[in-house]
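# Coordinates in review
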Amino acid sequence: MGGYGDVQMIDENGLRVDGRGPGDLREITIETGVVPVADGSCRMTWGTNEAIVAVYGPMEAHPRKIQRQDRAVLDVGYNMAPFSTTDRMRPGFNRRSREISKVTKDALESVVLLELFPRSKIRISIEIVSAEAGTRCVGLTAASVALADAGIPMTDMVVSVASGKINDIVVCDLNKEEDNYGEADLPMGILPNSGELVFLQMDGDLSQEEFKQAWNYNMDAAHVIHEHMVEALKGGAVQ
Amino acid sequence: MRKNKDAGEPRDSGRAQLLVVPGEDLGDSQGLEPGHGVMEVNGRIRALKRGMMTKNGSYISVEPTHTRYFPRPSDLVIGYIEGCTNNIWFVDIGAPFNAILPMSLGPGKAEFGGTRAIMDVGDAILCRVQEVEETHSSVVTMKGMGLRKIRSGSIEEVDPHLLGRLIGKGGQSLRALKEETECRIVVADNGRMWVDGDLSGILQVRDKLQSLSVTSQQNNAGGRN
Amino acid sequence: MSIPLVPNLLRAHLSELAENDSRIDGRDRWQGRETQVEVDVLPRAEGSARVQMGDTIVFAGVKFQVMQPYSDRPNEGGLMCSAEVRPIAGRNWEAGPPSPEAIELGRVVDRGIRESGCIDVESLCIIPGEKAWQVILDLFAISDDGNLFDAFALAGIAALRSAVIPAERFEVGKDSPLGVSKTPIMCSYHKVGGRFVYDACHREELGGDERIHITLGDDGNVHSLQKGLKGIFSTEEFDEIMRHALGRTNELRDLIN
């Protein structure tokens, strides 16, 4: 978080640099069945983010040591392709990607009915081919759709979105500049049926009231995104 | 929250079909028996998978559009030998975990250490599921009528939800296909099918599977009923 | 990559198919799968392409970096080619450092493009001895249903030909298209059931034997060759393949230009 409070990103009419209002989401598209050799898959664009997720399984868990006798394990890999960022990303081990893989796994393990597949594993590959702030949210959301596409049973789908603060104003769904120069970032993973959470991170500086505002923005946005997800799963590609 | 027009009321009874997604609310649970692919949460029925919701009287379930095979005892399955020890073969039956074939349940006479000589990695077998334990592998057996190592022909993967149309009412579509192609066809329970005969017959069967798959995709294109 | 299980019946079946001049997916011996090429598909790359051949899908992205020229070649920039096949692309691809298969993929495609001389490395010089452009071509698999070689090679050259040098972002001048003077194209052949076929699908690769990759330039010139996996082939077999490659590379070249 840069905290460069003096970079003007929202004007007196509440219009942001890309023309959005404080509560507006970037444009989203969702398609399923985009990786033909996988058991389930999803391609999601969100602003100029693009994530492609493939799901394989449930299948025999190899190596033996990762197997659990009582339930399935999720093998989640989040990765950014070298050409996904303005400055090329070198392929290879990346701490940030490891962390995001883990918190994404924790979120999804909270909804997948793992006990139905003891000793097996479900592999979820999240590839970010174009990045523009909020990639972890795109990845987690697209992974939910891919899991549903693969016929994996879940108590609900996870919808992930982030809100933050720019020029002291709380806004929904930060874009790249806002993420760089803004004062806070609050990504969440929400279950649309109950409003409960399976994923939560935050960094920056938010007052109690601002925090509540950002929280509510995420909750409202999640319902809109969820409708896109449902339509994509029921009827094909959705704009 | 997505507005559910008939929240609180049961959907039409009979064989009504509707495409649903995980987490979708399917109405009040009163008087309903949750079956495959659904669960009861706080007095409501909730879908767990994407698929067709079916209501058969009081039994409500979701048949997934894509699913993995789950072994059940006495299922006829086609498996591939993935590995072996001195007295066990490990068999890939297309399930979330491999099955075990102990030598005592294998073909012919058992001789400790001789697994490889009888059946090796990559061989295909027709066998039956003997038992399924929750935390252990399922066990398959080759002791039984018609069970054997598959030595010729081809094995096709068939999407489970095409099986109904492939087999037809009372098995008549399958019988017709066998006659037309002059092939021996064994449809296993695990989404695999053994076809044996002249190459032209095998190719005909493959074409038939392809056309079934295409029509099925066309029917599901809109997604809604 | 984990070694996939080869069902023994598959090899016997592929042999029978070959004897009957058939293929497992119904194609002719020399017939390629439906091929689509799209360029400018990755917003953050300076050049990009997506190629789909049947169910095989790949991306290629071109990124530019400023490098210091090598002391013995002060007027030259560089080209680097890297291939990644991650677990997303198929059950048998594993996470971790690049497998020998992925490395071979990257290097074979690299040679095909580099040896054609389609990129003039002197044109990449910015300030002799101080700054030059390094062109990095990243090949990325999304879905592997066989013949990643040709998909990567096609995507790679399509991405390069649509690339724009981001001089403005690096404050060294105005943006301009990357000069790519030729269009080298690769065709790959696998021995399946005892004979070579073009554009193998995954099952053919699984049950097949050796493979040969040929990259030809605009004038039919041979720019690179590679034989992979174990197996033996004859001059006649090779001539047959070369004849096909001459025609097919032209078809694919038209798809790009």
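Residues numbered from 1 in each chain as written. Chains lettered and ligands numbered in written order. Predicted model: local features only at pLDDT ≥ 70, side-chain atom pairs only at ≥ 80, totals over all residues. Heavy atoms only, no water.

## Some words on the pairing of strand S4 (residues 38-41) of chain B
Residues and elements named next belong to chain B. Inspection of the sheet shows S4 paired to strand S5 (residues 44-47) by 4 bridges, in the antiparallel sense. Among the inter-strand pairings, Glu-40 is bridged to a residue of S5, identified as Ile-45. Where S4 folds back onto S5 in an antiparallel hairpin, the turn is made up of 2 residues, including Asn-42, whose phi is positive at roughly 50°. (Pairing = 2+ DSSP bridges. Helix = DSSP H or I, 4+ residues; strand = E, 2+ residues; numbered from the N terminus.)

## Points about the interface of chain A and chain B
By convention, interface size is frequently given as the accessible area that disappears when the constituent parts associate. Contacts between chain A and chain B engage 32 residues on the former and 29 residues on the latter. Interface of chain A and chain B: buried area, both sides summed, is about 2,700 Å²; carbon and sulfur atoms make up 51% of it. The three residues of chain A that bury the most area against chain B are Arg-119, Asn-193 and Lys-234 of chain A, which together make up 24% of that side's buried surface. Note that Lys-234 of chain A and Glu-24 of chain B form a salt bridge whose closest N and O atoms lie 3.1 Å from each other. For the pair chain A and chain B, the number of links is 9 residue pairs in polar contact (both at pLDDT 80 or more). Among the elements of the structure, strand S3 (49-60), helix H2 (135-149) and helix H4 (208-235) of chain A are those that each provide at least two residues to the side of chain A that touches chain B. When residues of the side of chain A that touches chain B are assigned to their parent elements, the largest contribution, 7 residues, is made by H4 of chain A. Grouping the constituent residues of the side of chain A that touches chain B by class yields 15 nonpolar, 9 polar and 8 charged. (Contact = heavy atoms within 4.5 Å. Buried area = accessible area lost by both parts, 1.4 Å probe. Salt bridge = Lys/Arg side-chain N within 4 Å of Asp/Glu carboxyl O. Polar contact = N/O pair within 3.5 Å; in protein donor to acceptor, adjacent residues only side chain to side chain. Nonpolar A, V, L, I, M, F, W, Y, C, P; charged D, E, K, R; others polar.)

## Topic: the pattern of salt bridges
Counted under the stated rule, the structure contains 43 salt bridges over all chains. With a shortest N-O distance of 3.6 Å, Glu-109 of chain A and Lys-105 of chain A are connected by a salt bridge. Of the two residues, Glu-109 of chain A and Lys-105 of chain A both sit in helix H1 (residues 95-109), 4 residues apart, roughly one turn of that helix. Residue Lys-191 of chain C pairs with Glu-237 of chain C through a salt bridge whose shortest N-O separation is 3.0 Å. Of this pair, Lys-191 of chain C sits in strand S9 (residues 185-192) while Glu-237 of chain C sits in helix H5 (residues 235-256), placing them 46 residues apart in sequence.

## Remarks on the interface of chain A and chain C
Facing 30 residues of chain A, the contacting portion of chain C comprises 31 residues. With both chains or domains summed, chain A and chain C bury close to 2,400 Å², and 59% of this area falls on carbon and sulfur atoms. Note that Asp-39 of chain A is salt-bridged to Arg-91 of chain C, the shortest N-O span being 2.6 Å. Summed over the shared surface of chain A and chain C, the result is 14 residue pairs in polar contact (both at pLDDT 80 or more). At the level of secondary structure, the elements contributing two or more residues to the side of chain A that touches chain C comprise S3 and strand S5 (120-130) of chain A.

## Structural notes on the sheet that holds strand S11 (residues 211-216) of chain C
Residue and element names in this part refer to chain C. Pairing within the open sheet is antiparallel, and its 4 strands lie in the order S10-S9-S11-S12. Looking along the sheet, the strands with just one partner apiece sit at the ends: strand S10 (195-198) and strand S12 (222-228). The sheet shows a mean angle of 20° between the axes of neighbouring strands, taken without regard to direction. Of the pairings in the sheet, the one linking S11 to S12 comprises 6 bridges and is antiparallel in character. Bridge pairing links Thr-215 to Ser-224 in S12. Contacting S9, S11 and S12, helix H2 (residues 100-114) crosses the sheet at an angle of about 160° to S12. Contacts between helix H3 (residues 148-161) and the sheet are confined to S9, S10 and S11, with S9 contributing the most and set at about 175° to the helix. (Axes fitted to C-alpha atoms, helices over the stretch in contact; angles between N-to-C directions.)

## Some details on the packing of aromatic side chains
Counted by the stated rule, this structure contains 10 aromatic pairs over all chains. Ring centres of Tyr-189 of chain C and Tyr-198 of chain C lie 5.6 Å apart, and the angle between their planes is 45°; this geometry places the pair in the tilted category. Note on Tyr-198 of chain C: relative accessible area 0%, which makes it buried. We note Arg-123 of chain A situated over the ring of Tyr-56 of chain A; from NZ or CZ to the ring centre the distance is 5.2 Å. (Phe/Tyr/Trp six-rings, centres within 6.5 Å; stacked < 30°, edge-to-face > 60°. Buried < 20%, exposed > 50% of the residue type's maximum accessible area, 1.4 Å probe, protein only. Lys NZ or Arg CZ within 6 Å of the ring centre and 35° of its normal.)

## Quick word on the nonpolar core
Among the nonpolar cores identified, the biggest contains 75 residues, and Phe-59, Val-85, Leu-137, Phe-152, Leu-160, Leu-178 and Ile-214 of chain C are the most heavily contacted of them. Here this core takes 11 residues from H3 of chain C, the largest share from any one element. Those residues in contact with Phe-152 of chain C that sit more than four places away from it in its chain are Val-58, Ala-83, Glu-84, Val-85, Leu-105, Val-109, Leu-139, Phe-140 and Ala-141 of chain C. Counting 60 residues, the second-largest nonpolar core is a separate cluster that includes Ile-30, Ile-122, Val-145 and Ala-222 of chain A. (Core = buried A, V, L, I, M, F, W, Y, C linked by side-chain atoms within 4.5 Å.)

## Some details on the side chain of Thr-141 of chain B
When you line up the elements, Thr-141 of chain B lands in strand S12 (residues 138-141). At a separation of 3.0 Å, a polar atom in the side chain of Thr-141 of chain B contacts the main-chain amide nitrogen of Lys-143 of chain B.

## With respect to the domain arrangement of chain B
Splitting chain B by domain gives domain 1 (18-64), domain 2 (76-150) and domain 3 (154-217). One C-alpha centre belongs to domain 1 of chain B, the other to domain 2 of chain B; they are set 36 Å apart. (Domains from an automatic or database assignment.)

## What about unusual backbone geometry?
For the bond running from Gly-57 of chain A to Pro-58 of chain A, omega is 5°, close enough to zero to count as cis. Cis peptide bonds are those with omega within 30 degrees of zero, and the linkage from His-62 of chain A to Pro-63 of chain A qualifies with -5°. One can find Pro-63 of chain A in the loop between S3 and strand S4 (73-80). Look at Asn-42 of chain B: it is not a glycine, yet its phi comes out positive at around 50°. Relative to the helices and strands, Asn-42 of chain B resides in the loop between S4 and S5.

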